[in-house]
Amino acid sequence: MLNKAIATEQNRTLQRVIRGQRTSDGAGVSLVRLIGSPELDMLDPFLMLDAFSSNDPDDYIAGFPPHPHRGFETVTYLLAGNMRHRDSAGHEGVIRSGGVQWMSAASGIEHSEMPEQVAGEMSGFQLWVNLPASEKMGPPRYQEFEPESIPVEQREGGVELRVIAGITAHGTEGPVQAVAAEPLYLDVSLPAQIGYWESITPGHNAFVYVIDGVLEVGGEYLARGELGVLGPGERLDVHAVEQARFLVVAGKPFNEPVARSGPFVMSTEEELKQAYLDYREGRFGRVE
């Protein structure tokens, strides 16, 4: 049954349902863009959310050859397959299925992300998270965690949460730390006809993305592949109409000007021009 919210707490309701836009990025990777699309330009501090899933290597094998970033953070979370990455600072590794990389590009980095097949399937997400103006020109840094390092919380009724960032209502804390947006990032699995609730910081923007199944949120429905933008409140209550898996993501809005162009997200047009100049003049380094 659906958990009943404490009377003094306001449940978050669905404000919008986003189905996304099929597109391609990198060297031709097929994906669905849910945030950063004509339907939803951004959800401060979230600049972009791409979902990719295919068992056809032609949809993804070309990957994302060397490209620069400045002024924000990229979050790669894989459900299936591996992704090898290299950058201009000499950092290299492989994100495995169930693992996460939270990269702060900050003042600038060039990197590549190249898929590696595992049984032919590749699926996961890339989320772009803005940085406040005060941190856009800080040093780049990585937080990378193997699947085994992601805490798993079990709740009554077969509810299971993988906690990537933030702290759940039951006290489980994700490994990603010291992010300006104070994010909550959960991967939740529910059996059919089971409810789930979670505390979400008041004032933070939040969304739910359905990986599989159908969810009921405040009397409205979200199906596989749909993103639900949540309204204000302190608590999320959902009910699985059928067995479901979904992401719950929330973060603090910065309420600052955003100037974006391609791989750069700054606060002013002048800063964007400087980013392009710095990259052309080799100040980001290059991936060999």
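Residues numbered from 1 in each chain as written. Predicted model: local features only at pLDDT ≥ 70, side-chain atom pairs only at ≥ 80, totals over all residues. Heavy atoms only, no water.

Q: Describe unusual backbone geometry, listing the residues and the values that go with them.
A: That bond from Asp-44 to Pro-45 is cis: its omega, 10 degrees, falls within 30 degrees of zero. You can see Pro-45 is positioned in the loop between strand 3 (29-35) and strand 4 (46-54). Even without a glycine there, the phi angle at Gln-193 is positive, about 65 degrees. Within the secondary structure layout, Gln-193 lies in the loop between strand 15 (184-190) and strand 16 (195-199). A positive phi angle is found at Asn-255, which is not glycine, with a value near 55 degrees. Take Asn-255: it is sitting in the loop between strand 20 (235-251) and strand 21 (259-261). Given a relative accessible area of 65%, Asn-255 falls into the exposed group. (Helix = DSSP H or I, 4+ residues; strand = E, 2+ residues; numbered from the N terminus. Buried < 20%, exposed > 50% of the residue type's maximum accessible area, 1.4 Å probe, protein only.)

Q: Which residues make up helix 1 (residues 269-280), and what are the values?
A: End to end, helix 1 covers 17 Å across twelve residues, agreeing with the expected 16 Å (1.5 Å per residue, within 8%). Restricting attention to buried positions, one finds in helix 1 the residues Leu-272, Ala-275, Asp-278 and Tyr-279. Mapping the buried residues of helix 1 onto a view down its axis gives an arc of 125 degrees, with all of them on the same face. Summarising the geometry of helix 1, the exposed residues directed more than 90 degrees from the buried face are Glu-270, Lys-273 and Arg-280. Considering only its buried residues, helix 1 is in contact with strand 5 (64-69), strand 10 (109-116), strand 21 and strand 22 (264-266). Taken from the residues just after helix 1, Gly-282 is the one with a positive phi, measuring 80 degrees. (Expected span 1.5 Å × (residues − 1). Arc of directions from axis to C-beta. Contact = heavy atoms within 4.5 Å.)

Q: Run through the nonpolar core, naming residues and quoting values.
A: In this structure, Phe-125, Leu-127, Tyr-185, Phe-207 and Leu-227 are the most contacted members of the largest nonpolar core, which totals 33 residues. Formed by 24 residues, the second largest nonpolar core is a distinct cluster that contains Val-159, Val-188, Ile-200 and Val-238. (Core = buried A, V, L, I, M, F, W, Y, C linked by side-chain atoms within 4.5 Å.)

Function-wise, these values are silent; they only describe arrangement.
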